[in-house]
Amino acid sequence: MDKLKQRIIEESSVMSEQVLNLDGLLNHQVDPQLTMEMGREFAARFADAGVTRVITVESSGISVAFATALELGVPLVFARRKKTLLADPDALCERVPSFTKGIVTDIMLSRKYIQEQDKVLFIDDIIANGDAARGLVKIISRSGAELVGLGVVVEKCFQAGAQAIRNQGIRLESLVRIESLDNGSITFAE
């Protein structure tokens, strides 16, 4: 998506050779029109997959996952990172480290919102090391549902997460692939 690449160049900041700050686009502020375009793109890429639910991990993936679910006409379910008083005691749970937050959290998904007959599309904002993605993939597998693919807005090709997901035989579609953040400059993969 050329428009997304342009917005990343204009509005993001390279924090280090490993970290790209996308707060103005995905993680703190959300542009509704751009988000809807991303959702339409993911819906088009997975139109033939028979998706019955879109799933994500809270919170940065929710807006793009919502746009995708809206375009596909299916429910959106998100895995929570914090247990609430109303949490399902029988929820599917996986402990995962967060690359950007520098902490380990549990992600939880109620069994009520994912069924064995579901064909699930996982949408996320960024894939770096892929720890959260692998955790949610495990939860989906344990639910008995079929994971039809993973759509990510930004793939950091220089980190192992996307390749690890692809090595599991999972279809992964990225809207933008970043080859490098070396010397404070964003280099896109072609």
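Residues numbered from 1 in each chain as written. Predicted model: local features only at pLDDT ≥ 70, side-chain atom pairs only at ≥ 80, totals over all residues. Heavy atoms only, no water.

A. Expanded view of the side chain of Thr68. Counting through the fold element by element, Thr68 comes out in helix 4 (residues 62–72). The residues contacting Thr68, other than those within four sequence positions of it, are Gly39, Phe42, Ala43, Val54, Leu121 and Ile123. (Helix = DSSP H or I, 4+ residues; strand = E, 2+ residues; numbered from the N terminus. Contact = heavy atoms within 4.5 Å.)

B. Molecular detail of the UniProt feature "binding site: 5-phospho-alpha-D-ribose 1-diphosphate" (unreviewed entry) in the protein. According to UniProt, the "binding site: 5-phospho-alpha-D-ribose 1-diphosphate" (unreviewed entry) feature falls on Ala128, Asn129, Gly130, Asp131 and Ala132. Along the polypeptide, Gly130 turns up in the loop between strand 7 (119–127) and helix 5 (131–143). For Gly130, a relative accessible area of 7% translates into the label buried. Residue placement: Asp131 occurs in helix 5. Excluding its chain neighbours within four sequence positions, the residues that come into contact with Asp131 are Val96 and Pro97. (UniProt positions renumbered as here; feature names shortened; annotations may be inferred. Buried < 20%, exposed > 50% of the residue type's maximum accessible area, 1.4 Å probe, protein only.)

C. Broad picture of the pattern of salt bridges. In total, this model carries 14 salt bridges according to the counting rule given. Ionic pairing is found between Glu41 and Arg45, a salt bridge with its closest N-O pair at 2.8 Å. Remark: Arg45 and Glu41 occur in helix 3 (residues 32–45); sequence separation between them is 4 residues, near one turn of the helix. The partly exposed category is assigned to Arg45, whose relative accessible area is 23%. If you follow the salt bridges from partner to partner, you end up with Glu41, Arg45, Asp48, Arg171 and Glu173 in one network. (Salt bridge = Lys/Arg side-chain N within 4 Å of Asp/Glu carboxyl O.)

D. View of the pairing of strand 7. A large share of strand 7 lies buried, amounting to 7 of its 9 residues. Across 8 bridges, the pairing between strand 7 and strand 8 (residues 146–156) is parallel. Looking across to strand 8, one finds that Lys119 is bridged to Glu146. Once the chain exits strand 7 it traverses helix 5 before rejoining the sheet at strand 8, and the crossover so formed is right-handed. (Pairing = 2+ DSSP bridges. Right-handed = clockwise from strand over helix to strand, strands pointing away.)

E. Molecular detail of helix 4. Within the span of helix 4, buried status applies to Val64, Ala65, Ala67, Thr68 and Ala69. Looking at the buried residues of helix 4, the elements they touch are helix 2 (23–27), helix 3, strand 3 (53–57), strand 4 (76–79), strand 7 and strand 8. With its phi angle positive at about 70°, Gly73 sits one or two positions after the end of helix 4.

F. Seen up close, the packing of aromatic side chains. Summed over all chains, the structure comprises 0 aromatic pairs. Looking at Arg171, its charged tip hangs above the ring of Phe46, at a distance of 4.2 Å from the centre. (Phe/Tyr/Trp six-rings, centres within 6.5 Å; stacked < 30°, edge-to-face > 60°. Lys NZ or Arg CZ within 6 Å of the ring centre and 35° of its normal.)

G. Main features of the packing of helix 3 against helix 4. Taken N-terminus to C-terminus, the directions of helix 3 and helix 4 make an angle of 55°; their axes are 7 Å apart at the nearest point. Relative to helix 4, the element helix 3 lies oblique. Crossing hand, helix 3 versus helix 4: right-handed. Where helix 3 approaches helix 4, its residues Thr35, Met36, Met38, Gly39, Arg40, Phe42 and Ala43 are matched on the opposing element by Ser63, Val64, Ala67, Thr68, Leu70, Glu71 and Leu72. Of the residues belonging to the contact of helix 3 with helix 4, the class tally is 8 nonpolar, 4 polar and 2 charged. (Axes fitted to C-alpha atoms, helices over the stretch in contact; angles between N-to-C directions. Parallel < 35°, antiparallel > 145°, perpendicular 65-115°, else oblique. Left-handed = near helix turned anticlockwise from the far one by under 90°. Nonpolar A, V, L, I, M, F, W, Y, C, P; charged D, E, K, R; others polar.)

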